Amino acid sequence: MAYVCLCNSFNEGTLEAAIDDMLPPEDGASVKLSDVYKRCSGGEKPQCGKCLQQIKASIQARQDVNTGNSAAEDSIPVVNLPTPANDS
Ligand code: FES
C-alpha cells in the first residue's frame, strides 16, 4: 500500500481502516479531518500538510458511499442514446 503521509508514516490501509472505524459518527456529525489524522498518526500533528487534501477526499468518498450520495455519479454526464422507437 502506498504511503499517504510521509511525515508521520501511515499508508492507505491505515487511513481506510481509521475512516471505517469512525463512520458513522456517534453524534451524526461529519468525521473530522483532524480526528482521522490523529488516529492514523498515533496522536501526532501534521507537519507539512501535503497529505491533508488526500485524507479529506478519502473521508468525503467514504461518507458519500455510506450515505448513498455519490459525487462520482453526479459527475457522469447523462447521454440520451437513440433507440429504434425515437431514432429518426
Ligand atoms: S505528508 Fe502528511 S503531514 Fe507531511
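## Thoughts on the overall build of the protein
Scanning the protein for helices and strands turns up four helices and two strands. Taking all 88 residues of the protein together, 15% fall into the buried category.

## Description of helix 3 (residues 52-67)
A rise of 1.5 Å per residue sets the reference length of helix 3, with its 16 residues, at 22 Å; its end C-alpha atoms lie 22 Å apart and thus fit the reference within 8%. Phi turns positive one or two residues past the end of helix 3, at G68, with a value near 75°.

## Considering helix 2 (residues 33-41)
Listed in full, the buried residues belonging to helix 2 are V36, Y37, C40 and S41. For helix 2, the buried positions fall inside an angular range of 115° around the axis, keeping them on one side. Buried positions along helix 2 lie against strand 1 (3-5), strand 2 (10-11), helix 1 (12-22) and helix 3. One or two positions beyond helix 2, positive phi appears at G42, with a value near 75°.

## Describing the nonpolar core
With twelve residues, the main nonpolar core is built from V4, C5, F10, L15, A18, I19, V36, Y37, C40, C51, I55 and I59. Elements supplying a minimum of two residues to this core: strand 1, helix 1, helix 2 and helix 3. Setting aside residues no more than four positions away along its own chain, C40 makes contact with C5, F10, T14, L15 and A18.

## Section: the packing of helix 2 against helix 3
Contact geometry of helix 2 with helix 3 gives a least axis separation of 10 Å together with a crossing angle of 110°. As summarised for this structure, helix 2 and helix 3 are arranged roughly perpendicular, according to the angle between their axes. Contacts from L33, V36 and Y37 of helix 2 reach helix 3 at L52, I55, K56 and I59. Among the residues making up the contact of helix 2 with helix 3, the classes are represented as six nonpolar, no polar and one charged.

Criteria and thresholds
Residues numbered from 1 in each chain as written. Predicted model: local features only at pLDDT ≥ 70, side-chain atom pairs only at ≥ 80, totals over all residues. Helix = DSSP H or I, 4+ residues; strand = E, 2+ residues; numbered from the N terminus. Buried ≥ 20, exposed ≤ 12 C-beta atoms within 10 Å, placed from the backbone. Expected span 1.5 Å × (residues − 1). Arc of directions from axis to C-beta. Contact = placed C-beta atoms within 7 Å. Core = buried A, V, L, I, M, F, W, Y, C linked by C-beta atoms within 7 Å. Axes fitted to C-alpha atoms, helices over the stretch in contact; angles between N-to-C directions. Parallel < 35°, antiparallel > 145°, perpendicular 65-115°, else oblique. Nonpolar A, V, L, I, M, F, W, Y, C, P; charged D, E, K, R; others polar.

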